[in-house]
Amino acid sequence: LKLIKARATGHQLTPATWMRNFVHSHRDYQMDSVVSDSIAYDLVTACNDIGLGKRACPELLGEVKIEPITAHGQYETPLYGERLGPEDRRGLL
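Our subject in this report is the structure included herewith. (Residues numbered from 1 in each chain as written. Predicted model: local features only at pLDDT ≥ 70, side-chain atom pairs only at ≥ 80, totals over all residues. Heavy atoms only, no water.)

## Quick notes on the overall build of the protein chain
We apply this condition: Strands here are runs of E lasting at least two residues and helices are runs of H or I lasting at least four, both read from the DSSP assignment and numbered beginning at the N terminus. For the radius of gyration, the atoms used are the C-alpha atoms, and the globule rule reads 2.2 Å times the number of residues raised to 0.38. Throughout, exposure labels follow a simple rule: accessible area from a 1.4 Å probe, protein chains only, divided by the maximum for the residue type, with under 20% read as buried, over 50% as exposed, and the rest as partly exposed. In what follows, a contact means two residues having at least one pair of non-hydrogen atoms within 4.5 Å.
Within the protein chain, the secondary structure is distributed over 5 helices and 0 strands. For the protein chain, the sequential pattern of α-helices and β-strands runs α-α-α-α-α. Here the protein chain has a C-alpha radius of gyration of 20 Å; the compact-globule value for 93 residues is 12 Å, and the former is much larger. The C-alpha extent of the protein chain, read off along each of the three principal axes, is 55 × 35 × 25 Å. Classification of the 93 residues of the protein chain by burial places 16% in the buried group. In the protein chain, 41% of the contacts between residues at least 6 apart in sequence involve partners at least 24 apart.

Here you go:
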């Protein structure tokens, strides 16, 4: 709740504000309200890296630290690719 409170009171950036700042400070931005392919790619890459814990972003997340996603510690439940028959498929729908 600390993060939500910080955003609500203006002490922490909202995701929308962070994205606007990212676009405005991008080297390819021409101040013409156009988000080019390179800007969009870099923005999506940055968001992905933050979400995966590969990139720290305290201006967006404050003290929240996202641990990197790794294969270690994953669930030990194997997924089996059994084929479903028509009746089974209809039952799921």
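## Brief notes about the packing of aromatic side chains
To keep it simple, the criterion reads: Two rings from Phe, Tyr or Trp (for Trp, the six-membered ring) form a pair when their centres are within 6.5 Å of each other. A pair whose planes differ by under 30 degrees is stacked, one over 60 is edge-to-face, and the rest are tilted.
Applying the stated criterion across every chain, the model contains 1 aromatic pair. An angle of 35 degrees between the planes, with centres 5.5 Å apart, marks the rings of Trp18 and Phe22 as tilted. Remark: Phe22 and Trp18 occur in helix H2 (residues 15-25); sequence separation between them is 4 residues, near one turn of the helix.

## Here's the deal with the side chain of His26
Test applied: Here a polar contact means two N or O atoms within 3.5 Å. Within protein one must be a hydrogen donor candidate and the other an acceptor candidate, and residues neighboring in sequence count only if both atoms are side-chain atoms.
The topology assignment puts His26 in the loop between H2 and helix H3 (37-51). Side-chain polar atoms of His26 contact the backbone nitrogen of Asp28, separated by 3.0 Å. Apart from the residues lying within four places of it in its own chain, the contact partners of His26 are Ser38, Ile39 and Asp42.

## Brief notes about H3
As a reminder of what qualifies: Given the number of residues in a helix, its expected span is that number minus one, multiplied by 1.5 Å. Working note: the arc is built from the helix axis to C-beta atom directions.
In this model, H3 (15 residues) spans 21 Å end to end at C-alpha, consistent with the 21 Å of a helix rising 1.5 Å per residue. Buried within H3 we find Ile39, Leu43, Ala46 and Ile50. The arc enclosing the buried residues of H3, seen along the axis, measures out at 65 degrees, which places them on a common side. Those residues of H3 that are exposed and angled more than 90 degrees off the buried face are Asp37, Tyr41 and Val44.

## Some points on the pattern of salt bridges
Once the charged atoms of two side chains with opposite charge are near each other, the side chains can pair. Counted only if it meets this: Salt bridge, as used here: a side-chain nitrogen of Lys or Arg that lies within 4 Å of a carboxyl oxygen of Asp or Glu.
Applying the stated criterion across every chain yields a total of 2 salt bridges. Of the charged contacts, one joins Glu87 and Arg90 as a salt bridge, the two residues approaching to 2.6 Å between their closest N and O atoms. Here Glu87 pairs with Arg90, and both are found in helix H5 (residues 86-92), just 3 residues apart, close to one helical turn.

## Quick notes on unusual backbone geometry
Positioned with a positive phi, Met31 is a non-glycine residue whose angle comes to about 60 degrees. With respect to the helices and strands, Met31 occurs in the loop between H2 and H3. In the Ramachandran plot, Ser33 falls in the positive-phi region, its phi being about 65 degrees despite a non-glycine side chain. The residue Ser33 is located in the loop between H2 and H3 in this model.

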